Amino acid sequence: MNDRVTPSMHATPDGEAELSLVVKLTWEDVAALGQEAGRLSARMQRPVTLDEAVSHRLRSVRATAAHAKPATPPTAPAAVTSSASVSSLPSRPGADQAMQAIDRISGNSSAG
């Protein structure tokens, strides 16, 4: 049985598109998004959602890529990832990884 549903998409009044989807992420990526949301929140002087952080990240990556001139042809398809900017979490059970990611997002540092 396939429970996946086609994502809904609609135009917004400001001329953009809104797409609802579910994304499976590693805890490292969740922590990176939380950090991105924190930076964006500080810059905008208001709370932001992870949705806004993702949209901002996609726009900034796209804008950077549009202005960049590749010196050599890419050897692999380009992908939007944030793993290079996130220190890797040690191999732990999922619950421990989740708690560490939440601590990183909230700015707490827990030894463990």
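Remember, it's a predicted structure, so these values are computed and weren't measured experimentally. (Residues numbered from 1 in each chain as written. Predicted model: local features only at pLDDT ≥ 70, side-chain atom pairs only at ≥ 80, totals over all residues. Heavy atoms only, no water.)

**Quick look at the overall build of the protein**
Inference 1: What the protein contains, in helices and strands, is three helices and two strands.
Inference 2: Start at the N end of the protein and walk to the C end: the helices and strands fall as β-β-α-α-α.
Inference 3: Across the 112 residues in the protein, those meeting the buried criterion constitute 17%.
Inference 4: Accessible area for the protein stands at about 9,000 Å²; split by element, carbon and sulfur atoms hold 58% of it. (Helix = DSSP H or I, 4+ residues; strand = E, 2+ residues; numbered from the N terminus. Buried < 20%, exposed > 50% of the residue type's maximum accessible area, 1.4 Å probe, protein only. Areas by Shrake-Rupley, 256 points an atom, 1.4 Å probe, with all protein chains shown as cover.)

**So, the layout of surface pockets**
Regions of empty space are outlined by a rolling probe, equal in size to a water molecule, passed over the atoms.
Inference 1: Considered as a void within the structure, the largest pocket measures approximately 1,200 Å³ in volume.
Inference 2: Along its surface, the largest pocket is lined by 31 residues, and L21, D51, V54, S55 and L58 are the ones closest to its centre.
Inference 3: Where the lining of the largest pocket is concerned, the elements lending two or more residues are β2 (17-19), α1 (27-44) and α2 (50-67).
Inference 4: No other element matches α2, which puts 10 residues into the lining of the largest pocket.
Inference 5: Among the residues forming the lining of the largest pocket, the class breakdown is 14 nonpolar, seven polar and 10 charged. (1 Å grid on protein atoms, 1.4 Å probe; cavity = no way out; pocket = protein on both sides within 12 Å on 5 of 7 lines; lining within 4 Å. Points joined across faces, edges and corners; volume = space filled by probe spheres on them. Nonpolar A, V, L, I, M, F, W, Y, C, P; charged D, E, K, R; others polar.)

**Looking at the side chain of T12**
Inference 1: Considering the arrangement of structural elements, one finds T12 in the loop between β1 (9-11) and β2.
Inference 2: Here the side chain of T12 touches D14 through a polar contact of 2.3 Å, side chain to side chain.
Inference 3: Ignoring sequence-local partners within four residues, the contact set of T12 consists of A17 and E18. (Polar contact = N/O pair within 3.5 Å; in protein donor to acceptor, adjacent residues only side chain to side chain. Contact = heavy atoms within 4.5 Å.)

**Some points on unusual backbone geometry**
Inference 1: A positive phi angle, near 60°, is found at Q45, a position not held by glycine.
Inference 2: Here Q45 is to be found in the loop between α1 and α2.
Inference 3: With a relative accessible area of 68%, Q45 lands in the exposed category.

**A look at the packing of α1 against α2**
Inference 1: Closest axis-to-axis distance for the α1/α2 pair is 9 Å, and the angle between their directions is 90°. Considered as vectors, α1 and α2 are oriented roughly perpendicular to each other. Across the interface between the two elements, L33, G34, E36, A37, L40 and R43 from α1 touch L50, E52, A53, V54, H56 and R57 from α2.
Inference 2: Looking at the contact of α1 with α2 residue by residue, the class counts come to six nonpolar, two polar and four charged. (Axes fitted to C-alpha atoms, helices over the stretch in contact; angles between N-to-C directions. Parallel < 35°, antiparallel > 145°, perpendicular 65-115°, else oblique.)

**What to know about the pattern of salt bridges**
Inference 1: Scanning the model with the defined rule gives four salt bridges in all.
Inference 2: Close ionic contact of R59 with E16 constitutes a salt bridge, the shortest N to O distance being 2.7 Å. Residue R59 is located in helix α2, and its partner E16 is located in the loop between β1 and β2; the two are separated by 43 residues in the primary sequence.
Inference 3: Measuring nitrogen to oxygen at the nearest pair gives 3.0 Å for the salt bridge that ties E36 to R39. Of this pair, E36 and R39 both sit in helix α1, three residues apart, roughly one helical turn. (Salt bridge = Lys/Arg side-chain N within 4 Å of Asp/Glu carboxyl O.)

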